[in-house]
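# Observations on the model geometry
Residues per chain, in single letters:
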Amino acid sequence: MPIATATTSAHAATARVDNPFVGAGVYVNPEWAAHAAAEPGGSAVSNQPTFVWLDRIAAISGANGSMGLRAHLDAAVQQAAGKPYVFQVVIYDLPGRDCAALASNGELGPTDLPRYKSEFIDPIAAILADPAYANLRIVTTVELDSLPNLVTNAGGTNTSTPNCETMKSNGNYINGVGYALAKLGAIPNVYNYVDAGHHGWLGWDSNLGPTIDVLKQAATSSGSTLNNVQGFVVNTANYGALHEPNFTIDDTVNGTSVRQAKWVDWNRYVDEATYAKAFRDKAAAAGFNSNVGVLIDTSRNGWGGANRPTGPGPKTTVDAYVDGGRIDRRFQTGNWCNQSGAGLGERPKAAPEAGISAYVWVKPPGESDGASSAIANDEGKGFDGMCDPTYTGNARNNNNMSGALPNAPLAGHWFSAQFQELLKNAYPALGTGTPDTTAPSVPTGLAATTTSSSVSLSWTASTDNVGVSGYDVYRGGTLVGSTNNLSFTDTGLSASTAYSYTVKARDAAGNVSAASAALSVTTAAGGTTDTTPPSTPTGLAGTTTSSSVALTWSASTDNVGVTGYNVYRGGTLVASTTGTSYTDTGLSASTAYSYTVKAKDAAGNLSAASAALVATTQAGSGSTGGCSATYSISSDWGAGFNANVTVNNTGTAAINGWKVTWSFGGNQQITNLWNGVVSQSGKAVTVTNQSYNGTVSGGGNTSFGFGANYSGTNALPTLSCTAS
């Protein structure tokens, strides 16, 4: 069916595009459509596009009478009828798959990486590369859940499992995903989206940054590059609300922050839209392509029906305020199996709001998450207590009830009771066969504040018979932006210039309101004093020689414009540059140096200093060496921090192992570490390579990261590196 779209595109079907969903139809899986249409009321959604799941080797050719991959692709070509068309497929059969959830374990054992490559990925790639399918835009979701499990459920965390520890140590998740990205990414019309969990799993600083690091490592392993990642997908097969309109993390109740509520639990994100956008931005800052996209699975996160709150909760306590107003009605955000009370979410749509490539239905509604009790099967799927409605929980859901529906079949099998629950609680609500043709009310109260180069607009919310999904902002009749908020800032304008603005509201059915009353504003004169500093530079990294440190960082932003950067060594200004790199020369060999960078604008405003980077120059000629290490703090929240360490091969020949040592200056205690093996005795820390990242080519590098707790100060240590 043609997917609803906020914009159109005239790209040819074979052309590579930034967003494959824009201007294209999307494949409707005839098998899922038949199941849905056979259900009472199911015809209301049976024409929606869903992903095809390849979750075992037999699914490639078709198992138990089901369509195989080639049959689906042939059907997609027929549906496309020569027009731009998207085919969506889940790639999901890693060795030791989904190490923390038994219901979705797979057929391949922890050491079956050769089988994964030769029997699963290679045949899929061969079929997708068939010229018969070259005009399709093939969107893949690559290996759900497994990589984030290496961060939260391995490495000595309080939720670690033996299976996840095994997969972390053997490297087969990293190398398997890298191999899949490399093989599939080599096909010109394939767009790979890597799973990025959901806000209730990875939204904390201690989880989000390390997850991006692990995804980056996987995307650059086994011959892959970051160019093989088109984007990320969040909330896959999960239930996190798309938007939580009734509270934000900035709210307080009687002086208590919403972040202290039991439901929020200090998370920085309360819904999938804000999490998805933040994940994308942080990934781009960490080195992924700047135009990287993000998808949100909205198949089961509607939470409509009679229990949907209509406004904020009472401001008696912070928990009452959050619990009374939250859209997501689960017992806890860690609950993932066949959730009672859930409903269909937003229907699939391209470019539905600023920063989101598409709403998609990755998990086909009506397909079970897992069986309510143990069921013998030949699909490698175990029984997980989280699918038992009587289960009282574990550490991963803070020991809450599971919230699962009873009498569920195996994961992936049709579950009629769940489908009926999703229909009943759909939000936006399903029609009765009559399409929604009612436009939202006209936005009112349009107001603005200005600088010499920007106009910040705000307005009063519109209403709709189903629900407002966003707003379009026009300057002089030209669309300049879309948002789901009640504000928008138009930047890059000329000083002392008059502009006219209007705003239109839209709903999920594509109905658009009439334009608001026009607002005419004039930007401030160019001489207006600018007192806003640029944003803090991020991503500071360095490579060394025996006498120099070459620094790079991600660009800052500014309300007017960044004019340059100041580079500091040990707090002393050593250079100013207009670019995002600088090489500090004339240094001593085998010496540790600490660097920070500040951004500046034309008005002389300076940003805060970047996170410090400690880099140790290489040994001089005649000295033993082989590797050096640089240390940077990626986030620090006062009681804990995350840090990244890059290990550089300083020679021309490959090294086969490495060891990095340092001593903390305070009471820092490492709580979890990824991509290395750590031992800590008091202040002394030793990290050695894992089996999969000990070999580093001449001039190359690898990295590891960790989370730690501390109190007091958090001074940067001096690192030593030894190669073997």
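It should be emphasised that the depicted structure is a prediction, and the values quoted were computed from it without experimental measurement.

Here we come to empty space enclosed by the protein. Going through the model one piece at a time under the given rule, you end up with 2 cavities of 30 Å³ or more. A volume near 50 Å³ is recorded for the largest cavity. As for the largest cavity, its lining consists of His199, Gly200, Trp204, Trp263, Val264, Asn267, Tyr269, Val270 and Thr333. Partitioned by chemical class, the residues of the lining of the largest cavity number 5 nonpolar, 4 polar and no charged.

This paragraph deals with the packing of aromatic side chains. Following the criterion strictly, the structure yields 20 aromatic pairs and no others. Pairing tyrosine 27 with phenylalanine 87 gives two aromatic rings, centres 5.3 Å apart and planes at 45°, and the pair type is tilted. Pair noted here: tyrosine 27 is in the loop between β2 (25-26) and α1 (30-38) and phenylalanine 87 is in strand β4 (residues 85-91), with a separation of 60 residues, a long-range link. Taken as a pair, tyrosine 27 and phenylalanine 87 share a single burial class, namely buried. Taken together, a centroid distance of 6.5 Å and an interplanar angle of 10° make the contact between tryptophan 662 and phenylalanine 704 stacked. Of the two residues, tryptophan 662 is situated in strand β29 (residues 658-663) and phenylalanine 704 in strand β33 (residues 701-709); the sequence distance between them amounts to 42 residues.

Our next topic: the sheet that holds strand β26 (residues 613-616). With antiparallel pairing, the 8 strands of this open sheet are ordered in space as β23-β22-β25-β26-β27-β28-β33-β30. Only two strands of the sheet have a single neighbouring strand rather than two, namely β23 (572-577) and β30 (669-674). Across this sheet, the average inter-strand angle for adjacent strands is 25°, counted without regard to direction. Judged from the 5 bridges that link them, strand β22 (residues 562-569) and β23 form a sheet pairing that is antiparallel. Pairing of valine 567 across the sheet is with alanine 575, part of β23. Together, β27 (627-636), β28 (640-649) and β30 form the strand contacts of helix α9 (residues 205-219), whose direction differs from that of β28 by roughly 20°.

This part takes up helix α3 (residues 69-80). When the terminal C-alpha atoms of α3 are compared, their 16 Å separation across 12 residues agrees well with the 16 Å that a helix rising 1.5 Å per residue should span. Downstream of α3 by a residue or two, alanine 81 has a phi angle that is positive, lying close to 50°.

Assignment of secondary structure puts asparagine 398 in the loop between β12 (356-360) and α12 (416-424). According to the relative accessible area criterion, asparagine 398 is partly exposed, its value standing at 45%. The sequence separation of asparagine 398 and threonine 438 amounts to 40 residues, and the corresponding C-alpha distance is 43 Å. When residues no more than four places from it in sequence are discounted, the contact partners of asparagine 398 are Asp265 and Gln332.

For the protein, the mean per-residue pLDDT works out to 88, and 95% of the residues sit at or above 70. The model gives residues 1-13 a pLDDT under 50, and that stretch makes 38 contacts with residues more than four places away or in other chains.

Among the structural elements, tyrosine 173 can be located in helix α7 (residues 172-185). The class for tyrosine 173 is buried, based on a relative accessible area of 0%. For tyrosine 173 and leucine 422, which are 249 residues apart along the polypeptide, the C-alpha to C-alpha distance reads 33 Å.

If you look at the biggest cluster of nonpolar residues, it comprises 75 residues, and the most contacted ones within it are Phe87 and Phe232. Top contributing element to this core by residue count: helix α4 (residues 113-128), with 8 residues. If you look at the next biggest cluster of nonpolar residues, it comprises 25 residues, including Phe664, Val685, Val696 and Leu719.

Take the sheet that holds strand β18 (residues 498-507) next. Reading across from one edge, β16-β15-β18-β19 is the order of the 4 strands in this open sheet, with antiparallel pairing throughout. Of all strands in the sheet, those with a lone pairing partner are β16 (478-483) and β19 (519-522), marking the two edges. Strand-to-strand twist in this sheet, taken as the mean axis angle between neighbours without regard to direction, amounts to 30°. Alignment of strand β15 (residues 468-475) against β18, held across 7 bridges, turns out to be antiparallel. Across the sheet, tyrosine 474 pairs through a bridge with threonine 502, a residue of β18.

Scanning the entire structure with this criterion turns up 3 disulfides. Covalent S-S linkage joins cysteine 99 and cysteine 164, the inter-sulfur distance amounting to 2.0 Å. Across the S-S bond linking cysteine 99 and cysteine 164, the dihedral sits near 95°, which makes this disulfide right-handed. Taken together, the residues cysteine 99 in the loop between β4 and α4 and cysteine 164 in helix α6 (residues 162-170) connect sequence positions 65 residues apart. Residue classification places cysteine 99 among the buried residues on the basis of a relative accessible area of 4%. Two residues, cysteine 337 and cysteine 387, share a disulfide whose sulfurs are 2.1 Å apart. Classification of the bridge connecting cysteine 337 and cysteine 387 rests on its S-S torsion, roughly 100°, and on that basis the disulfide is right-handed.

Under the definition given, this model contains 15 salt bridges. Between aspartate 323 and arginine 326 there is a salt bridge whose closest N-O contact spans 3.0 Å. Judged by relative accessible area, which is 30%, aspartate 323 ranks as partly exposed. Look at arginine 326 and you get buried, because its relative accessible area is 9%. Residues lysine 363 and aspartate 369 are paired through a salt bridge, measuring 3.8 Å at the closest nitrogen-oxygen approach.

All right, on to unusual backbone geometry then. Negative phi values dominate among residues other than glycine, just as trans dominates among peptide bonds. Between tyrosine 427 and the following residue, proline 428, the backbone shows a cis peptide bond with an omega angle of 0°. As for its position among the elements, proline 428 is in the loop between α12 and β13 (444-450). Residue aspartate 98 is not a glycine yet carries a positive backbone phi of 45°. Mapped onto the elements, aspartate 98 comes out in the loop between β4 and α4. One non-glycine residue, asparagine 254, lies in the positive phi region at around 55°. With relative accessibility at 63%, the residue asparagine 254 sits in the exposed group.

Criteria and cut-off values
Residues numbered from 1 in each chain as written. Predicted model: local features only at pLDDT ≥ 70, side-chain atom pairs only at ≥ 80, totals over all residues. Heavy atoms only, no water. 1 Å grid on protein atoms, 1.4 Å probe; cavity = no way out; pocket = protein on both sides within 12 Å on 5 of 7 lines; lining within 4 Å. Points joined across faces, edges and corners; volume = space filled by probe spheres on them. Nonpolar A, V, L, I, M, F, W, Y, C, P; charged D, E, K, R; others polar. Phe/Tyr/Trp six-rings, centres within 6.5 Å; stacked < 30°, edge-to-face > 60°. Helix = DSSP H or I, 4+ residues; strand = E, 2+ residues; numbered from the N terminus. Buried < 20%, exposed > 50% of the residue type's maximum accessible area, 1.4 Å probe, protein only. Pairing = 2+ DSSP bridges. Axes fitted to C-alpha atoms, helices over the stretch in contact; angles between N-to-C directions. Contact = heavy atoms within 4.5 Å. Expected span 1.5 Å × (residues − 1). pLDDT = per-residue confidence, 0-100. Core = buried A, V, L, I, M, F, W, Y, C linked by side-chain atoms within 4.5 Å. Disulfide = S-S within 2.5 Å. Salt bridge = Lys/Arg side-chain N within 4 Å of Asp/Glu carboxyl O.

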